[in-house]
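The chain contents come next:
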Amino acid sequence: HDALGLSADSCRRPLADHRASIASPRALPEGALFVDPSGSDTNPGTQAAPLRRIATAIHRAPTGVVVLRAGEHHLESTLQLGSTNSGLNVVGFPGEKAVISGGRRLEANWTQSAMAGNVWEAALQGVDKVPSLLLDGKRATLARFPNKPGGVEVSCGYGCVLSGQDQQWVPPTAHPMPQFYTDTNPDHQRNGSNFGFHGYTVGIGGTCEIFDPPVSYWCSKDPQGGGTPGKMGFRLPTGVRVKEGQLVNGPYSDVSQAVLHVYRPSRWASWMFEVANYSAATSTFAFGRGGFQGARGADTGGDFFIEGVLEELDSPGEFFFNETSKRLYLFFNGTGAPPPSLELNAPQLETLVNISATRWSPAVNITFSNVSFTATTPTFFAPHAVPSGGDWALARRGAVFAEGTVGLTFDGCTFDRLDGNGLMLSGYHRNATVVGSDFSFLGGTAVALWGRTNETASDGTGGPAAGIDGTDGNHPDFTLLEGNTAREVGLYEKQASFFFQAKAVRSTIRGNVFFNGPRAGLNFNDGFGGGDELANNLIFSTCRETGDHGPINSWDRQPYITTTRTGTPSVVMQWRSIHHNLIMDNFSPQEDVDNDDGSAYYDTHHNVLVYGSTGLKSDYGGHDNHHHDNVYVYVDVAVATWKAEMQRGHADYFYGNKVILRKETVTMQPGVCIGPGKAVIHGNQYFTKTGQVKECEMALAKWQELGNDINSTVSLLPTAGEIVSWASDLLGVGVPEPAFV
């Protein structure tokens, strides 16, 4: 089970201590205010006589130090911070676990229900909605079909759904045409590929009215990209007729709280729909609000499940709250009634902390350290927008939301069981830092960076023409994520990742461990600015529930003007560097680094990249993609490009790599072999089962006689010990030889 030897003594090294000095008992200043869940707001706020509410402490010391004692600090409303709180430090008392919670404790007097199974019910007071439920700190599963045997916190992979191919999907309805805008300024056009993605183009309104703001690349006049079904690429089915007999607990008596979770075909995203109308006779659901949880539309839906109907309360660990009768139903996963000691916590707040300021008057040096955040509500029905030209739509929301900061820091914090995104850095930020923190069991994305350009009137002046212009600096810059862990994200929205970036520049993602997510681990939604570094990370078990993705994913369909590359305005981004990472594409293997539609200026080097179909990938206008000095372990082919059509001087480079191949071919698609964008390949070591390999449909030696792939060699497959030794040397870690050959 430990083929990598990560548990061996030789692999254990103390990590650098990223904890802020404020977490040390000696660093707590005399003027600090203390908060304890059992305190009183009439107290002076000393360690001996603490306050009860965090908001009271911040009101008394808006720029001071607030120390949280152990326990759950339940918020009555979101903590609102701004520029007047510059210098504020909120710190958990050293050695204790202080939790900021958006949940409400529920008191339940259980009686046995007449429903089948060990179902109990209770009338609740003082609560109108229970969108999710924590039982002793872990999520219960909202009543659904098909069931999830392990509960909502355990991935089913591609299972626990009904097949979309079995259903009759109600087709999209006609909408007014969007307002089209295309930037034709020759100074704003990009070169590099003959395929497309040269200029900035969007559509406003029309089918994109469901987004907020109602603007998207996918509503433009002629969107391009892999899988685009012709013009007007965004549209949605308006309902579904479920195949007879598949909803075994139907027909349903009440679908007013029902939600259908529908994968887009090919599993590129998941949509959520409320039910506008339901025919019990034909098992037909007309969709209401929803469908905006992904940027790419389709005429039909894919695999799906339904939740939020009482008839589906048929599996241990499930719950249902009737919002009309205010009764809570629980299929208790145990014998007899739920014990009095069972703690019930219902998330009520969408956001725990809101830090809102401006670039002209930012909030400076606000710090949270040794603090846990938990129990926020789902946000999949909150307004979503399309951040840029990638496939993702996102809610500009987070358990912690921040905009307009300088030096914002989260040090040694925990983001756990939050039903939306963890941390949202929106708009203007400089030098935000997240270190030594843990993100787990999230409904959405762990950390999202999302800048702004003036695409519409709601963003600022000059839209939509100003949508290309990022020179005003209204975006995150110099963000650092170091020494963090993130796992079990995207429990609700499947288009979720550990790290997401759109309209942000010069991010450093270093020394993190990311695993167990439904889609890409790290997603770059555009080529805005660039200058980012991904280094020394361990990434594995991504793309567990979606397709056509890799642990790291990128798109670059829209140009943006920034000064990142040269200090002067340019639509060409600075190189992104991906180096010294260990990445394993052990689910839905495609590429460890999936540089998709238009991606350019990536320098991927000195990584260990395990599994996947391809080493280097460029497609649909991609170019200037360099892979060198990597170790690829069991990939199908080394280099694959298609529909890239690179211009001279913008070819891909692949050199100095060790490539362990499952197949006996170096290349896929003729674009690698011919034309002005022919990949520059040389000096690699290939390894196959037979010790033979083909390149561009001929033996390597023959291809080399024609002046190609000079100084590359092919040999028999290495031993497992040799592979581990190469990886250890490349990454600079001590890994013992595995106990197998």
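The model shown is predicted, which means the values in this text are computed figures rather than measured ones.

Novice: How would you sum up the overall build of the chain? Please name residues and give values.
Specialist: Within the chain, the regular secondary structure consists of 3 helices and 65 strands. Projected onto its principal axes, the C-alpha coordinates of the chain cover approximately 85 × 70 × 60 Å. Counting across all 741 residues of the chain, residues that qualify as buried make up 61%. In the chain, the proportion of contacts linking residues at least 24 apart, taken out of those at least 6 apart, comes to 74%. Accessible surface computed for the chain: about 27500 Å², of which carbon and sulfur atoms make up 51%. Distance between charge centres in the chain, computed from 54 positive and 74 negative side chains, equals 1 Å.

Novice: Which residues make up a nonpolar patch on the surface, and what values do they have?
Specialist: On the surface, a nonpolar cluster with roughly 240 Å² of combined accessible area is contributed by Tyr611, Tyr634 and Leu717. Counting through the fold element by element, Leu717 comes out in the loop between strand S65 (713-716) and helix H3 (720-731).

Novice: Pulling in residues and values, what's your account of the sheet that holds strand S12 (residues 141-142)?
Specialist: The strand order S8-S9-S24-S23-S12 describes an open sheet built from 5 strands, whose pairing is mixed. Edge positions in the open sheet fall to strand S8 (111-112) and S12, since each of these has one partner strand only.

Novice: Go over the confidence of the model for the chain, please, and point to the residues and values.
Specialist: A residue-level look at the chain finds 94% of positions with pLDDT of 70 or above and a mean pLDDT of 93. Counting contacts from residues 15-26, a segment whose pLDDT is below 50, to residues more than four positions away or on other chains yields 20 contacts.

Novice: Break down the packing of aromatic side chains for me, citing the residues and quoting the values.
Specialist: Applying the stated criterion across every chain yields a total of 27 aromatic pairs. Three or more aromatic residues link up through ring pairs in this structure, and these residues are Phe368, Phe373, Phe410, Phe415 and Phe439. Over the ring of Phe441 we find Arg417; its NZ or CZ atom is 4.2 Å from the centre of that ring. Note that Arg565 overlies the ring of Tyr601, its terminal NZ or CZ placed 4.9 Å from the centroid.

Novice: Give me the lowdown on the side chain of Glu455, citing residues and values where you can.
Specialist: Take Glu455: it is sitting in the loop between strand S38 (447-450) and strand S39 (476-477). Assessed through its relative accessible area of 8%, Glu455 is described here as buried. What Glu455 contacts, discounting residues up to four positions off in sequence, is Tyr200, Ile204, Val215, Gly463, Pro464, Gly467, Lys503 and Tyr560.

Novice: Can you tell me about the environment of Asn553, naming the residues and giving the values?
Specialist: Mapped onto the elements of the fold, Asn553 is located in strand S48 (residues 552-554). Considered as a pair, Asn553 and Leu33 are 520 residues apart in the sequence and their alpha carbons are 44 Å apart. Discounting chain neighbours no more than four positions away, the residues touching Asn553 are Ala520, Leu522, Asn523, Phe524, Asp594 and Asp596.

Novice: Which residues make up the pattern of salt bridges, and what values go with them?
Specialist: Any two side chains of opposite charge can pair, given that their charged atoms come close. The tally for this structure, following the rule as stated, stands at 34 salt bridges. Of the charged contacts, one joins Asp41 and Arg53 as a salt bridge, the two residues approaching to 2.8 Å between their closest N and O atoms. Linking Asp41 in the loop between strand S1 (33-35) and helix H1 (54-60) with Arg53 in the loop between S1 and H1, this pair joins segments that are 12 residues apart in sequence. For Arg53, a relative accessible area of 34% gives the class partly exposed. With its nearest N and O atoms 2.7 Å apart, the salt bridge here joins Arg327 to Glu121.

Novice: An account of unusual backbone geometry is needed here, citing residue identities and associated values.
Specialist: Cis geometry marks the peptide bond from Gly250 to Pro251, where omega comes out at -5 degrees. Assignment of secondary structure puts Pro251 in the loop between strand S18 (239-241) and strand S19 (259-263). That bond from Gly463 to Pro464 is cis: its omega, 0 degrees, falls within 30 degrees of zero. Turning to its location among the elements, Pro464 is positioned in the loop between S38 and S39. A positive phi angle is found at Lys326, which is not glycine, with a value near 60 degrees. For Lys326, the location among the structural elements is in the loop between strand S23 (318-322) and strand S24 (327-331). The exposure class assigned to Lys326 is partly exposed, which follows from its relative accessible area of 24%. One non-glycine residue with positive phi stands out, namely Cys543, at about 55 degrees. Its location among the elements puts Cys543 in the loop between strand S47 (538-540) and S48. Residue classification places Cys543 among the buried residues on the basis of a relative accessible area of 1%.

Novice: Can you break down the pairing of strand S49 (residues 576-579) residue by residue, with the values?
Specialist: Where burial is concerned, the two faces of S49 agree: the one with Arg576 and Ile578 and the one with Ser577 and His579 are both buried. Inspection of the sheet shows strand S46 (residues 533-535) paired to S49 by 3 bridges, in the parallel sense. Counterpart to Glu533 in the pairing with S49 is Ser577. Of the pairings in the sheet, the one linking S49 to strand S52 (residues 600-605) comprises 4 bridges and is parallel in character. Looking across to S52, one finds that Ser577 is bridged to Asp603.

Novice: Explain the sheet that holds strand S57 (residues 637-642) to me, using residue names and the numbers behind them.
Specialist: The parallel open sheet is built from 3 strands, whose spatial order is S54-S57-S60. Strands at the two margins of the open sheet, each flanked by one partner only, are strand S54 (614-619) and strand S60 (667-668). Bridging between S57 and S60 involves 2 bridges; their strand directions are parallel. Paired with Val639 across the bridge in S60 is Thr667.

Reading the values: the criteria
Residues numbered from 1 in each chain as written. Predicted model: local features only at pLDDT ≥ 70, side-chain atom pairs only at ≥ 80, totals over all residues. Heavy atoms only, no water. Helix = DSSP H or I, 4+ residues; strand = E, 2+ residues; numbered from the N terminus. Buried < 20%, exposed > 50% of the residue type's maximum accessible area, 1.4 Å probe, protein only. Contact = heavy atoms within 4.5 Å. Areas by Shrake-Rupley, 256 points an atom, 1.4 Å probe, with all protein chains shown as cover. Lys, Arg positive; Asp, Glu negative; His and termini not counted. Charge placed at Lys NZ, Arg CZ, Asp CG, Glu CD. Patch = residues over 30% accessible without salt bridge, like charges linked within 9 Å, V, L, I, M, F, W, Y side chains within 5 Å. Salt bridge = Lys/Arg side-chain N within 4 Å of Asp/Glu carboxyl O. Pairing = 2+ DSSP bridges. pLDDT = per-residue confidence, 0-100. Phe/Tyr/Trp six-rings, centres within 6.5 Å; stacked < 30°, edge-to-face > 60°. Lys NZ or Arg CZ within 6 Å of the ring centre and 35° of its normal.

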